[in-house]
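Commentary on secondary and tertiary structure
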Amino acid sequence: MPKRVVPEAARRRRRPTRQGRVLSHELIIATALRMLKEHGAAGLTARRLGLALGADASTIYRYFRGMDDLTLAIADALFAAALESWRATGDWRADLRALGLSIYRAYLSHPQAAVLTASRVAGRPHEVAVDETILCILRTEGFPDPDAVRVYHAFIDQSLAFAVLDAASLALPEAARQADQEVWRETYARLPAETHPHIAATAPLLVARMNDSGYPAALDMLLDSAARQLRDRSG
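Residues numbered from 1 in each chain as written. Predicted model: local features only at pLDDT ≥ 70, side-chain atom pairs only at ≥ 80, totals over all residues. Heavy atoms only, no water.

1. A short note on the overall build of the protein chain
Stated formally: Going along the chain from the N terminus, every DSSP run of H or I of four or more residues is numbered as a helix, and every run of E of two or more is numbered as a strand. With the radius of gyration taken over C-alpha atoms, the globule rule is written as 2.2 Å times the number of residues to the power 0.38. Any residue under 20% of the maximum accessible area for its type is buried, any over 50% is exposed, and the rest in between are partly exposed; the area is computed with a 1.4 Å probe on protein chains only. Working rule for contacts: check all heavy atoms of both residues, and any pair within 4.5 Å makes them a contact. To measure how exposed things are, a 1.4 Å probe is used in the Shrake-Rupley method; for residues, cover is taken only from the protein chains shown.
For the protein chain, the helix and strand inventory stands at 11 helices and 0 strands. The helix and strand sequence of the protein chain, counted from the amino end, reads α-α-α-α-α-α-α-α-α-α-α. Its C-alpha atoms give the protein chain a radius of gyration of 22 Å, more than 25% over the compact-globule value 18 Å for 235 residues. Across its three principal axes, the protein chain shows a C-alpha extent of roughly 70 × 50 × 30 Å. In the protein chain, buried positions account for 39% of the 235 residues. A sequence separation of at least 24 residues applies to 69% of the contacts in the protein chain between residues at least 6 apart. In the form shown here, the protein chain has an accessible surface area of approximately 13,300 Å², with 56% of it arising from carbon and sulfur atoms.

2. Things to note about the packing of helix α2 (residues 25–39) against helix α3 (residues 46–53)
Under the convention used in this document: Think of each axis as a best-fit line through the C-alpha atoms, taken over the contacting stretch in the case of a helix, with angles from 0 to 180 degrees between the N-to-C directions. If an angle is under 35 degrees, it is roughly parallel; if it is over 145, roughly antiparallel; if it lies from 65 to 115, roughly perpendicular; otherwise it is oblique. Helix crossings are classified by the rotation of the near helix relative to the far one: an anticlockwise turn of less than a right angle makes the crossing left-handed, while a clockwise turn makes it right-handed.
α3 packs onto α2 with a crossing angle of 110° between their chain directions and a minimal axis gap of 10 Å. If you check the angle between α2 and α3, you find them roughly perpendicular. In the crossing of α2 with α3, the sense of the turn from one axis to the other is right-handed. Between α2 and α3, the contacting residues are Leu 27, Ile 28, Thr 31, Ala 32, Arg 34 and Met 35 on the first element and Arg 48, Leu 49, Ala 52 and Leu 53 on the second.

3. Here we look at the layout of surface pockets
It is a probe the size of a water molecule, rolled over the atoms, that shows where empty space is left. How we decide: Method remark: on a 1 Å grid restricted to protein atoms, a set of points is classed as a cavity if a 1.4 Å probe fits but cannot get out and as a pocket if it is open with protein on both sides within 12 Å along at least five of seven lines; lining residues have an atom within 4 Å of a point. Grid points are joined across faces, edges and corners, and a volume is the space filled by probe spheres set on the points. Classification used: nonpolar for Ala, Val, Leu, Ile, Met, Phe, Trp, Tyr, Cys and Pro, charged for Asp, Glu, Lys and Arg, polar for all others including Gly.
The volume enclosed by the largest pocket comes to roughly 490 Å³. Lining the largest pocket are 14 residues; nearest its centre among them are Asp 166, Met 210, Asn 211, Asp 212 and Ser 213. Across the lining of the largest pocket, the residue classes break down as 4 nonpolar, 5 polar and 5 charged.

4. A word on the UniProt feature "DNA-binding region" (unreviewed entry) in the protein chain
As a reminder of what qualifies: UniProt positions are given in the numbering used here, feature names are shortened, and annotations may be inferred rather than shown by experiment.
Within this numbering scheme, the UniProt entry marks residues 45–64 as carrying the feature "DNA-binding region" (unreviewed entry). When the span residues 45–64 is considered, its composition is 40% helix and 0% strand, and the gap between its end C-alpha atoms is 13 Å.

5. With respect to the nonpolar core
For clarity, the threshold we go by: Nonpolar cores are built from buried Ala, Val, Leu, Ile, Met, Phe, Trp, Tyr and Cys residues. Side-chain atoms within 4.5 Å join them into one set.
Among the nonpolar cores identified, the biggest contains 55 residues, and Ile 74, Ile 103, Tyr 107 and Ile 134 are the most heavily contacted of them. In terms of residues, this core owes the most to one element, helix α5 (residues 92–108), which gives 9 residues.

6. Quick notes on the packing of aromatic side chains
The cut-off we apply is this: To pair, rings of Phe, Tyr and Trp, with the six-membered ring standing in for Trp, must have centres within 6.5 Å; the planes then decide the type, stacked if under 30 degrees apart, edge-to-face if over 60, and tilted in the middle.
Within this structure, the stated rule accounts for 5 aromatic pairs. Between Trp 92 and Phe 143, the aromatic rings sit 5.3 Å apart at their centres with planes inclined by 75°, giving edge-to-face as the arrangement. With Trp 92 in helix α5 and Phe 143 in the loop between α7 (125–141) and α8 (145–170), the pair connects residues that are 51 residues apart, well separated along the chain. You'll find Trp 92 and Phe 143 in the same group, each marked buried. Judged by centre distance (5.6 Å) and plane angle (45°), the rings of Phe 162 and Tyr 215 are tilted.

7. Points about the pattern of salt bridges
We apply this condition: The working definition used for a salt bridge is a side-chain nitrogen of Lys or Arg within 4 Å of a carboxyl oxygen of Asp or Glu.
Under the definition given, this model contains 11 salt bridges. In this structure, Arg 34 engages Glu 38 in a salt bridge whose closest nitrogen and oxygen atoms are separated by 3.7 Å. Taken together, the residues span about one helical turn, with Arg 34 and Glu 38 both in helix α2 at a distance of 4 residues. With a relative accessible area of 37%, Arg 34 lands in the partly exposed category. Because the salt bridges share partners, they merge into one network encompassing Arg 93, Arg 97, Asp 220 and Asp 224.

8. Examining the UniProt feature "domain: HTH tetR-type" (unreviewed entry) in the protein chain
The feature "domain: HTH tetR-type" (unreviewed entry), as given by UniProt, occupies residues 22–82 in the numbering adopted here. A distance of 27 Å separates the end C-alpha atoms of residues 22–82, which is 64% helix and 0% strand.

9. Topic: the packing of helix α4 (residues 67–84) against α7
Orientation of α4 relative to α7, taken along the N-to-C sense of each, is 45°, at an axis distance of 7 Å. Overall, the two elements α4 and α7 adopt an arrangement that is oblique. Where α4 crosses over α7, the handedness of that crossing is left-handed. Note on element contacts: α7 touches α4 through Pro 125, His 126, Glu 127, Ala 129 and Val 130, opposite Asp 76, Phe 79, Ala 80 and Leu 83. For the contact of α4 with α7, the per-class residue count stands at 6 nonpolar, 1 polar and 2 charged.

10. Quick word on the side chain of Asp 131
What counts here: Asp and Glu are treated as the negative residues and Lys and Arg as the positive ones, with His and the ends of the chain left uncounted. Residues adjacent in sequence count toward polar contacts only when both atoms are side-chain atoms; beyond that, a polar contact is any pair of N or O atoms within 3.5 Å, and within protein one must be able to donate a hydrogen and the other to accept it.
Within the secondary structure layout, Asp 131 lies in helix α7. For the buried Asp 131, no salt bridge is present, and the opposite-charge side chain at shortest range is Arg 124, 12 Å distant. Polar contacts involving the side chain of Asp 131 include one to the side chain of Tyr 152, which spans 3.2 Å. Discounting residues that sit within four places of it in the chain, Asp 131 has contacts with Tyr 152 and Ile 156.

Here is the structure:
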């Protein structure tokens, strides 16, 4: 059975931890993000989190119904970070592009948290605010509702999918990541034209591009398609 969550006002009256800090949602989430970055998802447990905070593990359940509730709160914190660094300009395409990149960067700044949370639907305030913002931009520009939802769906899934893909690479041990990157130079660039003519012809371009994220290009392709769709409907 889920444990009862103590109201915020009651929590403020709690004594500081052994480290002299007063616990809060924000402190617990920030500590959990740090632990994910340092130890990965397997290292994030209530016991270890309590030790890092200087508190008993049971204290976590005064703030969260369980570790899954904390996971959803972490997801919402990443959306909060994305919104914090984004500003609307009134240009729908530029605004969506900037928001997509902001979501991508927020998740990529916490690779282990991205892998843990990107597939979840939190329904928390900042996630909802991001979704409302995207739909507002599209509907205000004149996209009919079915088109607005289709573009929104592709946009948010693309942002999170690329974030997880690139975060998974960043979460690899350094030696493994370097080895993966070298494959383009050491294997693909050396394939003979007799057996692999198209790879051989484009090898320098592949080496130059393939270790960078494809997200900006994919995002531009999505927005270009949406813009054409809107022009076709208007014309």
